[in-house]
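Descriptive analysis of the structure
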Amino acid sequence: MATKLAIDTSDMDIAIYGVQSGAQSQALEQLHKKLNECKSVTGNLLISTASIPVIKLEMAFAGLAEDLKKPEVKIGKIKSIKIDLVMNDSTEGQHQTERCSEFIKKQIQDHPMLKPLTLTLKKYLGLKNLNSPFQGTMSSYGLVLLVLALLKDLGVFYPSFERAQNYVMWLGRAFTHFFSVYGDSNNFNETIIVNEQL
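Residues numbered from 1 in each chain as written. Predicted model: local features only at pLDDT ≥ 70, side-chain atom pairs only at ≥ 80, totals over all residues. Heavy atoms only, no water.

Description of the environment of glycine 18
One can find glycine 18 in the loop between β1 (12-16) and α1 (24-35). Given the relative accessible area of 79%, glycine 18 is considered exposed. (Helix = DSSP H or I, 4+ residues; strand = E, 2+ residues; numbered from the N terminus. Buried < 20%, exposed > 50% of the residue type's maximum accessible area, 1.4 Å probe, protein only.)

Structure follows, in structure tokens:
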């Protein structure tokens, strides 16, 4: 959400600070168990084997008033939310997620088509259930890197934002070109994609 690349089905990422690195696994397990007591939690999965251990939460706002012991809490149009909870993994104080977020925000400034093309692809992949890295599919960050490499490859073919017709036509072409490049053209047993800024 910090990168403005969230779609309606996106998770919210939350990083927890202040836990020493040696105690983070135990703290995450304790938090996982404690969250099971909350009425608003409808899904609670601890993935301790991930490169960055994470709790994948699903919360229904209907039970939130009871959890907070505040019956006056009003529930809006959004009925539930998915949250990824991680521990801060950096002794320097900046979590890997934050570094990725700052990188993406900088790339969006430098490449205006990165945002609309990534949002379009995220929505499409979500409709096809191809947006869950836990299940072996594409992460949002991985998708951004692929789109960024594609835009750099297309280079001079960026449309003029003053001409909306060109913009929409270019976005459609870039969308289909994405699947051509990453689905048909490249043999990824022999090809790697490098973003020089990383």
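And the narrative resumes.
What about the packing of aromatic side chains?
Counted according to the given criterion, the structure contains six aromatic pairs. Arranged with centres 5.5 Å apart and planes meeting at 85 degrees, the rings of tyrosine 124 and phenylalanine 175 form a pair that is edge-to-face. On the criterion of sequence distance, the pair formed by tyrosine 124 in helix α4 (residues 114-127) and phenylalanine 175 in helix α6 (residues 164-185) is long-range, its members being 51 residues apart. Accessibility expressed as a relative area gives 33% for tyrosine 124, which makes it partly exposed. (Phe/Tyr/Trp six-rings, centres within 6.5 Å; stacked < 30°, edge-to-face > 60°.)

What about the pairing of strand β3 (residues 54-60)?
Pairing analysis gives six bridges linking strand β2 (residues 41-47) to β3, with the strands arranged antiparallel. Of the residues in β3, the one forming a bridge with leucine 46 is isoleucine 55. Remark: six residues form the turn of the hairpin made by β2 and β3, two consecutive strands paired antiparallel. Summarising the sheet, β3 and strand β4 (residues 80-87) pair through seven bridges and their orientation is antiparallel. Within β4, the residue paired with isoleucine 55 across the bridge is leucine 85. (Pairing = 2+ DSSP bridges.)

Description of helix α5 (residues 140-154)
Between its terminal C-alpha atoms α5 stretches 21 Å, which fits the 21 Å expected from 15 residues at 1.5 Å a residue. With eleven of its 15 residues buried, α5 lies for the most part within the structure. All buried positions along α5 are accounted for by Gly142, Leu143, Val144, Leu145, Leu146, Val147, Leu148, Ala149, Leu150, Leu151 and Leu154. (Expected span 1.5 Å × (residues − 1).)

Some remarks on the nonpolar core
The biggest cluster of nonpolar side chains holds 26 residues, and the ones touching the most others in it are Leu117, Val147 and Phe178. Elements supplying a minimum of two residues to this core: α3 (96-110), α4, α5 and α6. Counting residues per element, this core draws most heavily on α5, which supplies ten residues. Those residues in contact with phenylalanine 178 that lie beyond four places of it in its chain are Leu121, Leu143, Leu146, Val147, Leu150 and Gly183. Grouped together as the second largest cluster of nonpolar side chains are eleven residues, Leu28, Leu35, Ile55 and Met59 included. (Core = buried A, V, L, I, M, F, W, Y, C linked by side-chain atoms within 4.5 Å. Contact = heavy atoms within 4.5 Å.)

The values reported here are purely geometric and, on their own, carry no functional implication.
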